Each structure stands twice: as C-alpha cells, then as structure tokens.
Amino acid sequence: MKRTIQDANSAPLIEATLNKSILDLFRVRRAKNVIFALLNLEFLRKRNIWNIRSTLFTLAIWLVLGTAAAQGIEIVLRYDDYSNNSNIENERQLMREIARIGGSLIVCAIPFENVSHADDRTALSHPVSSLSAEKLALLKDYISRGAVEPCVHGYNHANTSTNSQESELVGIPAALQTQWLGAGKSAFESALNTDVAWFSPPWNRFDSATLDALENNRYRLLLAGRLGPYADHRALAYLPATTYPQELAAAIQRASTRGAANATIVVTMHPYDFIGGDEMGGGRGAKQMRVADFMRQLTEAMATDDIKITPVAQMIKRGDDMSWSRLDANLRWFRSYISRHQLIPFALDLYPDYSFYYPRLDATRMRRLQLLIGGSVYLLVGLIAAVLVRRFIRLSSRRYQRALAAGLVASGLGALYGLYHLSEVRPIYMKAGCLGAVIAGVVVGSLSIATGDLRRRRALRHGP
C-alpha cells in the first residue's frame, strides 16, 4: 500500500519532468546532445513502471520527430546558359557581388554555341570553345578568386527533340553523347586551365545514355532537375535544382517554420531571370528582377548564422552526402502515393517542400511518418465503416443478410476498382481517399458477415 501511494504521488513529478525532457529533446540538434539529455533525466534513476513508459515514450517521440544533425540551411547558386548572347553586365555584377559576400556561383556555360550538330566533326577534331575572349576572361578571373565553379552546359544547347519537350540529349545515341560531352569538357579545361568535371543538361533533361556518357568522360557531378531517369552510378554525385531566384526569400522563410533546418536550397538562375537578360529567350515576364534586388535578398538571408552560401567543391571535400541514396530518398517522398494524391491534411506538415533538397535521413523519416499517419487515418475510417455496415446488416431480416452482404462486397469491389483506375489518371485527393476507405470498410465488414455465416453453417453440418 505504501509503495502504491508513493508511485501515485510521484506521477505528477514524473509527468512534469517528462514534458520538460521532451521540450529539451526538441531543442537539441545533435545525437550526442540527445544521449546526454537522456542520461541526465532524473526520473530515469527511479525504477518503476512510470520510468520505463516515460523513457520509451520520449525515445519514440525523438525517433519519429527527430532530424539529422543540424548544419543550417545551405544555399547553392547555379547560373545556366552562360554564352556569348547572355548579358555580360548582369553576369559581371552577379559574380562581383557574390565574391564580395564570400559566396560561390556555379556557372554552367555552353561550349559550342555557334557550332551546329551537323558540323560537330569540326568541333570534335578541334575542341575549342566558342565562348568569346571576354566571356572566358570573366570566368577565369572569378575562378581564380574562388567565386566561380565551372560547369559544362550541354553541347550547343540546340533542341534535338521531335516532341513538345525541348531537349538536346534525350534520344541521342550514347556514342554521340559521349563525343559531345567529352568535347565540351576538353574545350573548357583547355580554355580555363582548370579541371571541369560537372555537367548540367540543357532544359534539365537527359536519359540513361547521358549517365553513361558522363561516366565515360569522368564527370563527377550532375546538376539537373528532379526528372529522371536517375540511376545509381557510383562515379556520379547528384545535386538537383530546387527553386528560382524569385522564390528564394519565401523558401528561406518556410525553412524556418517547416523544420527544414538541414535542407539545401539549389537556386537555378538563367539570364532571363534578370532585367536586361532576355537575349537567350525563355523569359520570366513580370517575374524578372534586378541583380541588385536578388543580391539584397541573399545578403539579408545570410545575416543569420544558420544560412550560408556553400561552394559545391567544399561540400564534396568535406564528404557531404550527394549520393544516389539521398536523391532516391527525396524522390520517394516527393513521389509517394500520399504526396501525389494529397491524401492527408496539409496542417500535419508531412508533405515535401519542393524548394528544398532534404538530407537522406530526414526524407526517409518523413516518408515513413507520412505513411504511418496516413495509413492510421484511413485504417480508422475503414474500421468505423466496417463496424457500422456489420451493424446495419445484422439489423436487417435474417433471410436477406447473406444476399445483402454479397451484394455490398461485389459493388464495393467494383467501386474500389474504378477508384484505383481513376487515381492513375489524376490525383484523387483526400475526400476520394476517405470514400475509398469507407468502401473498403464496407467490403471487409460485409465479407466478415458472409464468411461468418459460412463457417457457422459448416460447423453445424459437420457437428462438434
């Protein structure tokens, strides 16, 4: 009796300690700090059932809601379509201002802008970049300052596609892609007197032959979009684009409220993103901005300690994860059935933000949590429907119960079949998802009635 009273009196203290411990765990960011916090919880010293439950509950919350060790938001700046036709004044200002704040810019340059694909043999026999001396000098200057990282951007950025999706490389034979990518790499390495091992495909489109061509030419990094086909090429690192300069400020603001403190934001810029840079086509229309305005937003963002521009070469050198596994984890979350069909409330904050490139552990954890919560919600809806339909069938006349159950099973399976095929055509969203769970519950509840009757009849027929 004395032991019971002691445990009851200690419950409020344990609960208060647990609440404080959970808050502490949410504040700490590194695994070693979490372990230290757990080892110093006073209630762990008392050996009773409350201690065990509290510890397991705290650990469960950390395992589900915890994130990888926070390094802050890292911004990678990428500039595509650097060519003789792009606005050099905007580019000079962009490089100068990025160098001034200690940042770095990936410049994806077109190697053979004035060479047609039909004349590629000339370029391949003499791999000399078509970039003007002024453009090359600007690149070399800021490469020497450590403010520019060079990247090959296709071959001549001409559209070879026969359909509505523009592309230079998709569908081109692997042997020819290998020649094109090798020529671009050799031309820039010769002109810039530095190693060039990064590649950005025009329009962010490529195919499996492109990956082989990259490996054949010893490229080490592919900078593209989230469209594939990606594959586990061990020699290649991946860094997909995530947002445009017009959306950077909003993305940074969301990162602080959505638990994306470890995310990488890859800002992909083009000449037409900035006023005066329409020479390359494309265009952002009213969304064009001045270089000065973009740099002001960037400078304001970097005023906080947890936001920084990181050179990709530095990320590679320190061993940051740019593997296929990380990309695959992000793509699985982005393309999950729940994400594609928006099957859970947005208030739960379990959908990916396409402006971020998440660490592998964070993306994997969020996809599993999304699946767990989504599955639990729809399972509960289905169970409620199953209980209600069983009650409904039991209340009907006994002679019609079997026929009613069989009819509900047949119609329910037909409705589920139609709903599934509808989801292959377009997103079904949460209302249709709940309807599907209700129908599945009706089928299960009706089937349980029908099979239960069959089992009872069989038992009566065969006897005890």
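See above for the structure.
Let me begin by describing the structure that accompanies this report. Only a predicted model underlies this, so the values are computations on that prediction, with no experimental measurement involved.

The rules behind these values
Residues numbered from 1 in each chain as written. Predicted model: local features only at pLDDT ≥ 70, side-chain atom pairs only at ≥ 80, totals over all residues. Heavy atoms only, no water. Axes fitted to C-alpha atoms, helices over the stretch in contact; angles between N-to-C directions. Helix = DSSP H or I, 4+ residues; strand = E, 2+ residues; numbered from the N terminus. Left-handed = near helix turned anticlockwise from the far one by under 90°. Contact = heavy atoms within 4.5 Å. Nonpolar A, V, L, I, M, F, W, Y, C, P; charged D, E, K, R; others polar. Patch = residues over 30% accessible without salt bridge, like charges linked within 9 Å, V, L, I, M, F, W, Y side chains within 5 Å. Areas by Shrake-Rupley, 256 points an atom, 1.4 Å probe, with all protein chains shown as cover. Salt bridge = Lys/Arg side-chain N within 4 Å of Asp/Glu carboxyl O. Phe/Tyr/Trp six-rings, centres within 6.5 Å; stacked < 30°, edge-to-face > 60°. Lys NZ or Arg CZ within 6 Å of the ring centre and 35° of its normal. Expected span 1.5 Å × (residues − 1). Buried < 20%, exposed > 50% of the residue type's maximum accessible area, 1.4 Å probe, protein only. Core = buried A, V, L, I, M, F, W, Y, C linked by side-chain atoms within 4.5 Å.

1. Some thoughts on the packing of helix α14 (residues 360-395) against helix α15 (residues 398-425)
Then, in step 1: Remark: α14 packs on α15, axes separated minimally by 9 Å, with the N-to-C direction vectors making an angle of 145°. α15 is crossed by α14, and the crossing has right-handed handedness. Contact residues: α14 offers Val389, Phe392, Ile393 and Arg394, while α15 offers Gln401, Leu404, Ala405 and Leu408.
Then, in step 2: Residues of the contact of α14 with α15, tallied by class, amount to 6 nonpolar, 1 polar and 1 charged.

2. What to know about a nonpolar patch on the surface
Then, in step 1: Among the surface-exposed residues, Leu380, Ile384 and Leu388 lie close enough to one another that they form a single nonpolar patch of about 300 Å² accessible area.
Then, in step 2: Take Ile384: it is sitting in helix α14.

3. So, the packing of aromatic side chains
Aromatic rings in a pair are described by how distant their centres are and how their planes are angled relative to each other.
Then, in step 1: Evaluated as defined, the whole model comprises 12 aromatic pairs.
Then, in step 2: Among the aromatic residues, those joined into a cluster by ring pairs are Trp333, Phe334, Tyr354, Phe356 and Tyr358.
Then, in step 3: Here Lys135 stacks its cationic end above the ring of Tyr82, 4.6 Å away from the centre of that ring.
Then, in step 4: Lying across the ring of Tyr142, Arg145 places its NZ or CZ 4.3 Å from the centre.

4. A short note on helix α7 (residues 174-192)
Then, in step 1: The end-to-end C-alpha separation of α7 is 27 Å, in line with the 27 Å expected for 19 residues at 1.5 Å each.
Then, in step 2: Three or more residues of α7 are buried, namely Gln177, Trp180, Leu181, Gly182, Ala183, Gly184, Lys185, Ala187, Phe188 and Leu192.
Then, in step 3: Taken from the residues just after α7, Asn193 is the one with a positive phi, measuring 55°.

5. Some details on the nonpolar core
Then, in step 1: Within the largest apolar cluster, 96 residues are counted, with the highest numbers of intra-cluster contacts made by Leu77, Leu94 and Phe294.
Then, in step 2: Leaving out residues up to four positions away in the same chain, Leu77 has contacts with Ile98, Ser104, Leu105, Ile106, Val267, Met269, Phe294, Leu298 and Ile309.
Then, in step 3: Listed in part, the 6 residues of the second largest apolar core include Ile393, Ala405, Val442 and Ala450.

6. Observations concerning the pattern of salt bridges
Then, in step 1: This structure, assessed with the given rule, holds 17 salt bridges.
Then, in step 2: Among the ionic contacts, a cluster of salt bridges with common partners joins Arg290, Asp293, Arg296 and Glu300.

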